[in-house]
Amino acid sequence: MTIDKILAGETIILRQITLEDCGNRYVEWLNDPDVNQYLETKWSTQNLESVRLFVKSQRENNHSVLFAIVCKENDRHIGNIKIGPIHPHYRHADISYFIGDKEYWQKGIATEAIRLVCRFGFDELNLHRIEAGAYDCAVGSWKALENCGFTREGIFEEQVFFDNKYIDIYRYGLLKKSFDKKGSES
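Residues numbered from 1 in each chain as written. Predicted model: local features only at pLDDT ≥ 70, side-chain atom pairs only at ≥ 80, totals over all residues. Heavy atoms only, no water.

A. Region of interest: the sheet that holds strand β6 (residues 129–135). Pairing in this open sheet of 8 strands is mixed, and the strands run β1-β2-β3-β4-β5-β6-β8-β7 from one edge to the other. Across the chains shown, the open sheet's two edge strands, defined by having one partner strand only, are β1 (7–8) and β7 (151–162). Bridge count between β7 and strand β8 (residues 165–175): 8 bridges; the pairing is antiparallel. Residue Gly-154 lies in a different strand from β8, and its bridge partner there is Arg-171. (Pairing = 2+ DSSP bridges. Helix = DSSP H or I, 4+ residues; strand = E, 2+ residues; numbered from the N terminus.)

This is the structure we're talking about:
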């Protein structure tokens, strides 16, 4: 899905990712064990071609939007957030995200990006519900979701193998009415 909209927050903007964003820094993020530990990309080595193919496929996909998270201060691409797959009949979608640039970790960037993409999903895509998942040990990720009003709705016990053991996945959901009440203000 191609969109021209830029979503502006206090410290970041979200804009649809482009092939120009696919550089060595992006590839390095996806191959960095600290960055990719909670990403499915960790299972194979990434290169410029694989990253460009992924971005191209996302831009051509009518059921998701992949945004670059960009620091307002210096116009630096620091991570991504995706909304999709979007299910238009049921009006719900998943979100997934990562901050690749470690300089921006633990600064509330993920929370701000989640809040912006949820507002876009509810207002522009007319979604009723947004969902997300997080490894039980990815405390920063699930705290960012909770800070935006998401509710932990389930635990998938020992669903993934991580750090030489099976761990749980937390599943989160957020309804538009809940976001309008509390998530957009947090």
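Past the structure itself, the notes keep going.
B. Fine view of helix α4 (residues 109–123). Over its 15 residues, α4 extends 21 Å from the first C-alpha to the last, a length consistent with the 21 Å expected when each residue adds 1.5 Å. Counting buried positions along α4 gives 13 out of 15 residues, so the element sits mostly inside the fold. (Expected span 1.5 Å × (residues − 1). Buried < 20%, exposed > 50% of the residue type's maximum accessible area, 1.4 Å probe, protein only.)

C. Geometry of the nonpolar core. Counting 39 residues, the largest nonpolar core has Leu-14, Phe-67, Ile-83, Ile-95, Ile-114 and Phe-150 as its most contacted members. Only β2 (12–16), β3 (65–71), β4 (76–87), β5 (92–99), α4, β6, α5 (139–147) and β8 provide two or more residues apiece to this core. No other element matches α4, which puts 9 residues into this core. Aside from chain neighbours lying at most four places away, what touches Phe-150 is Ile-95, Ile-114, Cys-118, Ile-130, Glu-131, Ala-132, Leu-145, Tyr-172, Gly-173 and Leu-174. Judged by nonpolar contacts, the second largest core, of 15 residues, contains Tyr-26, Leu-30, Val-35 and Val-51. (Core = buried A, V, L, I, M, F, W, Y, C linked by side-chain atoms within 4.5 Å. Contact = heavy atoms within 4.5 Å.)

D. Seen up close, the environment of Gly-140. Within the fold, Gly-140 resides in helix α5. With a relative accessible area of 55%, Gly-140 lands in the exposed category. The sequence separation of Gly-140 and Lys-102 amounts to 38 residues, and the corresponding C-alpha distance is 13 Å.

E. The arrangement of the side chain of Asp-32 in detail. As for its placement among the helices and strands, Asp-32 is situated in the loop between α1 (24–31) and α2 (33–36). There is a polar contact of 2.8 Å between the side chain of Asp-32 and the backbone nitrogen of Asp-34. A distance of 2.9 Å separates a polar atom in the side chain of Asp-32 from a polar atom in the side chain of Lys-102. (Polar contact = N/O pair within 3.5 Å; in protein donor to acceptor, adjacent residues only side chain to side chain.)

F. Structural context of the environment of Phe-156. In this fold, Phe-156 is placed in strand β7. Considered as a pair, Phe-156 and Asp-136 are 20 residues apart in the sequence and their alpha carbons are 9.7 Å apart. Setting aside residues up to four positions removed in sequence, Phe-156 forms contacts with Ile-167, Asp-168, Ile-169 and Arg-171.

G. Looking closely at the environment of Ile-69. With respect to the helices, strands and loops of the structure, Ile-69 is situated in strand β3. Between the C-alpha atoms of Ile-69 and Ile-99, which are 30 residues apart in sequence, the distance is 8.0 Å.

H. Representation of α5 within the structure. By the burial criterion, the buried members of α5 are Ser-141, Trp-142, Ala-144 and Leu-145. One side of α5 holds all its buried residues, which, seen down the axis, span an arc of 155°. Residues of α5 that are buried make contact with β5, α4, β6, β7 and β8. One or two residues past the end of α5 sits Gly-149, with phi positive at roughly 100°. (Arc of directions from axis to C-beta.)

I. Representation of the pairing of β4 within the structure. Of all the 12 residues making up β4, 9 are buried; the element is thus mostly covered by neighbouring parts of the structure. Hairpin connection from β3 to β4: 4 residues lie between these consecutive antiparallel strands, with Asp-75 at a positive phi of about 60°. The turn joining β4 and β5, which pair antiparallel and follow one another in sequence, is formed by 4 residues; a positive phi near 60° is taken by Arg-91.

Shape descriptors only; they carry no functional weight alone.
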